[in-house]
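Listed below, chain by chain, are the residues.
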Amino acid sequence: MAGRGFVLYSHRLRHTGDGTGATGVGVVPGTRRRADLVAAIGEELGLIRPDPDRVAADCTLLAELLGDPPDRAGRESLRRLAAAAAASDRAAAAPVLHLIAARLPRFPRPLTLLAPLLAAADDGIAGAALDLVSGAVAAGELPLD
């Protein structure tokens, strides 16, 4: 239980400031904040009992920072989150799946993003990813070739 308290404490520290953090030379404003959110979501999804509300709140903040379509760093952030969500439970992964679904139509090579989710051990996560694939195919956003 002490480890969980530390995660909660470090989570609050990351998310109560103005988001600027310690930035180095050449860091684009908002990039540090985005990286912090991705790390916090990944940490939360890695817990034995992740908090879906915390994941949802962080995904909402992250969605505002990603841009649409996401830039290169944003696409890498989504790939990291997809891998973390694939190893989590379906309730906690749902906000990440929603975030991915919103960006999927403009994501280059969307199967690279969905691959870890399709291979998830949790049937609910894999099924949701399969729904995203079939929806993209039906909308003509993902050609079958």
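Residues numbered from 1 in each chain as written. Predicted model: local features only at pLDDT ≥ 70, side-chain atom pairs only at ≥ 80, totals over all residues. Heavy atoms only, no water.

### Re the overall build of the protein
Then, number 1: On a plain count of helices and strands, the protein comes out with seven helices and zero strands.
Then, number 2: Tracing the protein from N to C terminus, the helices and strands come up as α-α-α-α-α-α-α.
Then, number 3: For the protein, the residues scored as buried account for 37% of the 145 residues in total.
Then, number 4: Sequence-distant contacts, at least 24 apart, represent 65% of the contacts inside the protein between residues at least 6 apart. (Helix = DSSP H or I, 4+ residues; strand = E, 2+ residues; numbered from the N terminus. Buried < 20%, exposed > 50% of the residue type's maximum accessible area, 1.4 Å probe, protein only. Contact = heavy atoms within 4.5 Å.)

### Brief notes about the side chain of Asp 122
Then, number 1: Turning to its location among the elements, Asp 122 is positioned in the loop between helix H6 (110-118) and helix H7 (123-138).
Then, number 2: A polar contact of 3.3 Å, which involves the side chain of Asp 122, links it to the side chain of Arg 90.
Then, number 3: Those residues within four positions of Asp 122 in sequence are excluded, and the remaining contacts are Ser 88, Asp 89 and Arg 90. (Polar contact = N/O pair within 3.5 Å; in protein donor to acceptor, adjacent residues only side chain to side chain.)

### A look at the nonpolar core
Then, number 1: Ile 41, Leu 62, Val 96, Ile 100 and Leu 117 are the most contacted members of the largest nonpolar core, which totals 31 residues.
Then, number 2: No other element matches helix H5 (residues 90-103), which puts six residues into this core.
Then, number 3: With sequence-adjacent residues up to four places away left out, Ile 41 is seen in contact with Val 55, Asp 58, Cys 59, Leu 62, Leu 81 and Val 96. (Core = buried A, V, L, I, M, F, W, Y, C linked by side-chain atoms within 4.5 Å.)

### Thoughts on the packing of helix H3 (residues 52-66) against H5
Then, number 1: Two elements in contact, H3 and H5, have axes whose closest approach is 7 Å; the angle formed by their N-to-C orientations is 20°. Between H3 and H5, the angle falls in the class roughly parallel. Seen along the crossing, H3 lies across H5 with a hand that is right-handed. Touching Pro 52, Val 55, Ala 56, Cys 59, Leu 62, Ala 63 and Leu 66 of H3 are Ala 91, Ala 92, Pro 95, Val 96, Leu 99 and Arg 103, all from H5.
Then, number 2: The class makeup of the residues in the contact of H3 with H5 is 12 nonpolar, no polar and one charged. (Axes fitted to C-alpha atoms, helices over the stretch in contact; angles between N-to-C directions. Parallel < 35°, antiparallel > 145°, perpendicular 65-115°, else oblique. Left-handed = near helix turned anticlockwise from the far one by under 90°. Nonpolar A, V, L, I, M, F, W, Y, C, P; charged D, E, K, R; others polar.)

### Section: unusual backbone geometry
Leave glycine aside and you will find that most residues have negative phi; peptide bonds, for their part, are mostly trans.
Then, number 1: Note that the residue after Asp 68, namely Pro 69, is joined by a cis bond; omega there is 5°.
Then, number 2: Of note, Pro 69 is situated in the loop between H3 and helix H4 (72-86).
Then, number 3: Although it is not a glycine, Arg 109 sits at a positive phi angle of roughly 50°.
Then, number 4: As for its placement among the helices and strands, Arg 109 is situated in the loop between H5 and H6.

### Regarding the pattern of salt bridges
Then, number 1: Under the counting rule described, the total for this entry stands at seven salt bridges.
Then, number 2: For Arg 54, the salt bridge goes to Glu 44, with nearest N and O atoms at 3.1 Å. Taken together, the positions of Arg 54 in helix H3 and Glu 44 in helix H2 (residues 31-45) put the pair 10 residues apart, joining distant regions of the chain. Each of the two residues, Arg 54 as well as Glu 44, counts as buried. (Salt bridge = Lys/Arg side-chain N within 4 Å of Asp/Glu carboxyl O.)

### Some words on the environment of Leu 117
Then, number 1: The topology assignment puts Leu 117 in helix H6.
Then, number 2: Leu 117 gets classed as buried once you look at its relative accessible area, which sits at 0%.
Then, number 3: Along the chain, Leu 117 and Gly 127 lie 10 residues apart, while their C-alpha atoms are 8.7 Å from each other.
Then, number 4: Once you skip the residues sitting within four places of it in the chain, Leu 117 turns out to touch Ala 82, Ala 85, Ala 86, Leu 97, Ile 100, Ile 125, Ala 126 and Ala 129.

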